[in-house]
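Reading the structure
Residue strings, one per chain:
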Amino acid sequence: MIVTRFPPSPTGYLHVGGLRTALYNYLLARQQKGRFILRIEDTDRARYVEGAVENIIETLNWASIDHDEGPDIGGPNGPYTQSERLKIYKEKVQFLVEQGEAYHCFCTAERLTEMRERQQAHKEAPKYDRHCLRLAAEEVAKKLNAGEPSVIRHKVPGGKKVSWKDLVRDEVSFDSDLIDDQVLMKSDGYPTYHLANVIDDHSMEVTHVIRGEEWLSSTPKHILLYEAFGWEIPQFAHLPLLLNKDRSKLSKRQGDVAADDYRKKGYLPEALINFIALLGWHPGGDETQEIFSMEELIEKFSLEKVHKGGAVFDLEKLDWINWQWRRRKFDELPGEYEDKLLNLVENEIPANWRDDAELLKRCLKTVAEKVIKEPSTTVENLSFYFKEKVTIDAQLIANEKMKVDLPLAKNSLEKAFEALSAAPESSFDDEEALKTLLLELVEKLGIKNGQLLWPMRVALTGEQFSPGVFELLWALGKERSLERLKSAAESL
RNA sequence: GCCGCGUUCGUCUAGUGGCCUAGGACACCUCCCUCUCACGGAGGAGAUCACGGGUUCAAAUCCCGUACGCGGUACCA
C-alpha cells in the first residue's frame, strides 16, 4: 500500500507551495487507495510560530485535503508531532553510535566557523574535518560525563556514488565524498530534520516521499541514513518550485504566499486547488480541460506528468478559474435562481435593504453576473438602487460619443416620463413590454437608441456603468422610475 | 567556489524522432452583440522550442558543450 505524507514545519502559516506539496501527496494516496499522513516537524524551537499548527490544519481542512493520520486525529504510528518523539530519536541515534555509523562531536561554533573560513580561503568545499572522530573512547565518555555540550554526527561513508531514480527527475546521483558529516542530534537534545525525517518516514511506513526541489541535495544524506539503519529506502519525487514573477523562489515580498491570504480574499478552495494543481502538472495528451474538481484530480493525477521546471505563481489565471468555479457552484445550487442569488450574497446585504424583498430580488437579478463573480462587490453594485436621491452629473449625461447634449437629454427624459406615466403598472413587470414601448418612442422622436436610453440610464442610476435601462425600470418599478426620471429632467 | 537540477508564446502548459508552417488556456488586441460596464460570440497578434555543435533521410524531442536561472552547501526546515 502506498503511504504518503506532508510534514510541514510550524515556522509560519501554510504557504501555497506547501499546499501544493500536500495536494500532490494527497492525490496520489487517494488515487492508489493508500494513506496520507500529516506530521508536524517542530524540531526547530527557535523558529516556532504560535498558531501555525492550527493554521496548517485549518487550511488543509478548508482545501479538503484530509489526512488519515495526524496530530489531531492520531493513528497507529504516532505521535505525529516530532517534539513528542524525542525518546525515539535518542534511542535510534544511539544505535547508530554503537554501530560506529555516528559519533559525538564537541566542536564549538567558533571552531567550526574558523575551519570553514580556512577551507574557503583554500578554495576547498567546506566540510567538517572529523576532529572529534579521532577522540579516544575514554575521552568521549569523560567529556560526556562532564556535561560538555555536544552533537552527534553521521559518519558519512566516502567514495560512494549515491543515486536514485527520482519519480519526477529520473536518475539523480551525488558523490558521497562531497557530503559533510551531518549533525543528526543537536546539542539541545532535538534531532535535526535529516534524522527525524528518516526515522519517522520509516516508522510511519511511508512509501513515497514527495517534496519540494529544495530537498533534492539532501536526499543522498537521507539515503545514506536509511542504509546506516539498514532500512528500506522509499521512493522519492522532487517537485518543481513555485516562482515569483521574476522567477526567483516564491517569496512574501512579491505578494501573498499564505494560503490563508487567498481564503481571506474570498477565493474558493476549489479554485485555489485547481490553480495550484496545474502549476507543475497537467494530465497531458489531447486534454484541453482547465477546470478540475478534486475527484477529477484524484483520478487523473500522475507523478510522471509532473514537470521538472519551476512555475511562476501568476494570479491572472487564478481569477479566471475562480470565476469558472463560482459559476459552476452557483449553477449546482438547489432552488430557484432568485433564491440562490439571495442566498449567495445574504451576508453582504445591509439590513435596511431588506425592507422590500421583491425590490431586492429584482435588483440583485440585474447584477447577477457581477455578484456571482465577486460577492464582495454586492453592495457597490447595488447601492445606486437604494439611494434616497440620485445626483446627476451633467458632464456624464451629456455624452459626445452617444451624441447626447443637455437639451436633448432633458427632452428625452421628459418624453420618456410621459410615455412611461401613461403605461400601465403591469408593463413594469415585463421587460419586453418596456423595451417595445421605449423603442417605439425612439422611432417617434426620430433619434437613436442611445440618445434616449443613455440619458435615462444615467437618470435612473447616476452612474457611468450599470445594468441596462429595461432591467432598471423593471427592478425599480413604476413609481421609483418616474420619480428618478422626473427629478433628473428637472435638474438639467 | 563546489555539487545538483532546470530552460516551449508575457504566464500556465500540449509535445517522448516524421501528425509541428509548434496545439490549448489565461492575459492582451479587433470585431459582433449593445444605452454604458460586465457577460457571451467570432477573429487576431504573440514561441527562430535558451544558445552552439553533433547523431539521423528527418530533432522541440537523442548526445555533447556553453549561457542563464534556481536549489543546496547550517546544531533551518
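Counting from 1, residues in each chain are numbered in the order their sequence is written. As a convention, the first chain written is A and the first ligand written is 1, with the rest following in written order. The model is predicted, so local features are restricted to residues of pLDDT at least 70 and side-chain atom pairs to those at 80 or more, both for listing and for counting; the totals for chains, interfaces and linings are taken over all residues. Water and hydrogen atoms play no part in the side-chain values, which are based on all heavy atoms of the structure.

1. Notes on the pattern of salt bridges
In plain terms, the rule: Between Lys or Arg on one side and Asp or Glu on the other, a salt bridge is scored when a side-chain nitrogen of the former is within 4 Å of a carboxyl oxygen of the latter. Put simply, DSSP H or I for four residues or longer makes a helix, DSSP E for two residues or longer makes a strand, and each gets a number counted from the N terminus. Only protein chains enter the accessibility calculation, which uses a 1.4 Å probe. A residue is then buried if its area is under 20% of the maximum for its type, exposed if over 50%, and partly exposed in between.
Enumeration according to the criterion identifies 32 salt bridges in this entry. The residue Asp201 makes a salt bridge to Arg5 at a minimum N-O spacing of 2.6 Å. Of this pair, Asp201 sits in helix H6 (residues 193-203) while Arg5 sits in strand S1 (residues 3-6), placing them 196 residues apart in sequence. For the pair Asp201 and Arg5, one class covers both residues: buried. It is possible to trace a salt-bridge network through shared partners that takes in Arg5, Arg39, Glu41, Arg85, Asp200 and Asp201.

2. A short note on the sheet that holds strand S4 (residues 151-154)
Quick reminder of the rule: We treat two strands as partners when DSSP finds at least two bridges between them. Axis lines are fitted through C-alpha atoms, for helices just across the contact stretch, and the angle between N-to-C directions can take any value from 0 to 180 degrees.
With respect to topology, three strands assemble into an open sheet ordered S3-S4-S7, the strand pairing being antiparallel. Each of the sheet's edge strands pairs with one partner strand only, and the pair in question is strand S3 (102-105) and strand S7 (183-185). Averaged over all pairs of adjacent strands, the angle between strand axes in this sheet comes to 45°, irrespective of strand direction. For S4 and S7, the ladder comprises two bridges, and the chain directions are antiparallel. Counted as the bridge partner of Arg153 is Val183 from S7.

3. Details of the domain arrangement of chain A
In plain terms, the rule: Those domain boundaries reflect an automatic or database domain assignment. Only heavy atoms enter the contact rule, under which two residues are in contact if any of them lie within 4.5 Å. Buried area is understood as the total, over both parts, of accessible area removed when two parts are fitted together, assessed with a 1.4 Å probe. N or O atoms within 3.5 Å of each other form a polar contact, as long as, within protein, one can give a hydrogen and the other can take it, and as long as residues adjacent in sequence are counted only when both atoms are side-chain atoms. Amino acid classes used here: Ala, Val, Leu, Ile, Met, Phe, Trp, Tyr, Cys and Pro are nonpolar; Asp, Glu, Lys and Arg are charged; the rest, including Gly, are polar.
Taken as a whole, chain A is organised into domain 1 (85-239), domain 2 (252-331), domain 3 (335-385) and domain 4 (387-491). The partner domain 2 presents four residues to the six residues of domain 1 that form the contact. Area buried by domain 1 at its contact with domain 2 is led by Leu167, Val168 and Arg169, which between them contribute 68% of it. Across the domain 1-domain 2 interface, the total number found is two residue pairs in polar contact (both at pLDDT 80 or more). The residue makeup of the side of domain 1 that touches domain 2, split by class, is five nonpolar, no polar and one charged.

4. With respect to the packing of helix H3 (residues 86-98) against helix H7 (residues 219-229)
Stated precisely, the cut-off is as follows: An angle below 35 degrees is treated as roughly parallel, one above 145 as roughly antiparallel, one from 65 to 115 as roughly perpendicular, and anything else as oblique.
Two elements in contact, H3 and H7, have axes separated by 10 Å at closest approach and are oriented at 75°. For the element pair H3 / H7, the angle class is roughly perpendicular. From H3, Lys92, Phe95 and Leu96 reach across to H7, where they touch Leu225, Ala228 and Phe229.

5. So, unusual backbone geometry
Note that the residue after Gly78, namely Pro79, is joined by a cis bond; omega there is -5°. With a phi close to 55°, Lys33 is a non-glycine residue in the positive phi region. Looking at the element boundaries, Lys33 is found in the loop between helix H1 (16-31) and strand S2 (35-38). Phi angles above zero are rare outside glycine, and Arg247 is one such case at about 70°. As for its placement among the helices and strands, Arg247 is situated in the loop between strand S10 (242-243) and helix H8 (259-264).

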